[in-house]
Amino acid sequence: MCIRDRYQRRVHGGNKFEMERGVAMYQADLSQPFYQQQQAPTANHFRKEIGDEAVWTLSSAKPGNGVDQLRDDNPNTFWQSDGTQPHLVTIQFLKKVRIQELAIYLDFKSDESYTPNKISIRAGINLQDLKEILYVELKEPIGWFVFPLKTKLLDGSEKPYVNTINLQIAILQNQHSGKDTHIRQIKVFSPRE
């Protein structure tokens, strides 16, 4: 029998969280569901940034605020959605990859009601079989949010990555019930082998 867990995190003031049981195939590290930092995360001896190896698609975008702005390493630019929620960023790799961390830069002070509040991170081999691996609620977030992703195996052990072809970030709700969303940067990290 397979036990599946999802832990819902509610973030107040940037650092505290509560956990509730739910359902999904994978889970993030329970001792550290995410960490926040002001400096952009970079590749190092343990991880490499693999976002350039993928095809990125957006559910919608205002002209001049698309994938290029998400990936330009400039925190002053952003993707702005232009449609109904959920707003989706889909990252598709050509083959299975190990994804260790996902980093997202948000700025409530600049973006106010455009800032994401409820985020679902999903993974799967096909777009039709995506499973939620992490659900997070953020309150007025500012800075880089790094989400370590892990795979929980049937024997209870964990792998420090998710092995997938597709990764999707779904913005389910914005701060103060805003309609469109702003995400300033996204980075995807894989373990070095």
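Just so we're clear, the structure is a prediction, and the values are computed from it rather than from any experiment.

Helix and strand counts for the protein come out as two helices and 16 strands. A buried classification covers 51% of the 193 residues belonging to the protein.

The buried fraction of strand S16 (residues 185-191) amounts to seven of the seven residues, a majority that puts the element mostly inside the structure. Residues Gln185, Lys187, Phe189 and Pro191 line one face of S16 and the alternating positions Ile186, Val188 and Ser190 line the opposite face, and both faces are buried. By the bridge criterion, five bridges tie strand S9 (residues 101-107) to S16 in an arrangement that is antiparallel. Across the sheet, the residue bridging to Glu101 is Phe189, located in S16.

On to the environment of Gly143, then. Structurally, the position occupied by Gly143 is in strand S12 (residues 142-152). The class of Gly143 is buried, set by a relative accessible area of 0%. For the pair formed by Gly143 and Phe108, sequence separation is 35 residues and the distance between their alpha carbons is 8.9 Å. The contact partners of Gly143, leaving out residues within four places of it in the chain, are Gln37, Gln38, Ile104, Tyr105 and Leu106.

This part takes up the nonpolar core. Of all hydrophobic cores here, the largest spans 31 residues; its most connected members are Ile91, Phe147, Ile169 and Ile186. At the level of elements, strand S6 (54-58), strand S8 (87-99), S9, strand S10 (116-124), strand S11 (131-137), S12, strand S14 (162-174) and S16 are the ones that each hand at least two residues to this core. Per-element accounting of this core gives the leading share, five residues, to S8. With residues up to four places along the chain from it excluded, the contact list for Ile186 reads Trp56, Leu70, Arg71, Val89, Leu102, Ala103, Ile104 and Ile169.

Right, let's talk about unusual backbone geometry for a bit. In this chain, Gln85 is followed by Pro86 through a cis amide linkage whose omega measures 5°. Structurally, the position occupied by Pro86 is in the loop between strand S7 (79-80) and S8. Even without a glycine there, the phi angle at Glu112 is positive, about 45°.

Scoring rules and cut-offs
- Residues numbered from 1 in each chain as written.
- Predicted model: local features only at pLDDT ≥ 70, side-chain atom pairs only at ≥ 80, totals over all residues.
- Heavy atoms only, no water.
- Helix = DSSP H or I, 4+ residues; strand = E, 2+ residues; numbered from the N terminus.
- Buried < 20%, exposed > 50% of the residue type's maximum accessible area, 1.4 Å probe, protein only.
- Pairing = 2+ DSSP bridges.
- Contact = heavy atoms within 4.5 Å.
- Core = buried A, V, L, I, M, F, W, Y, C linked by side-chain atoms within 4.5 Å.

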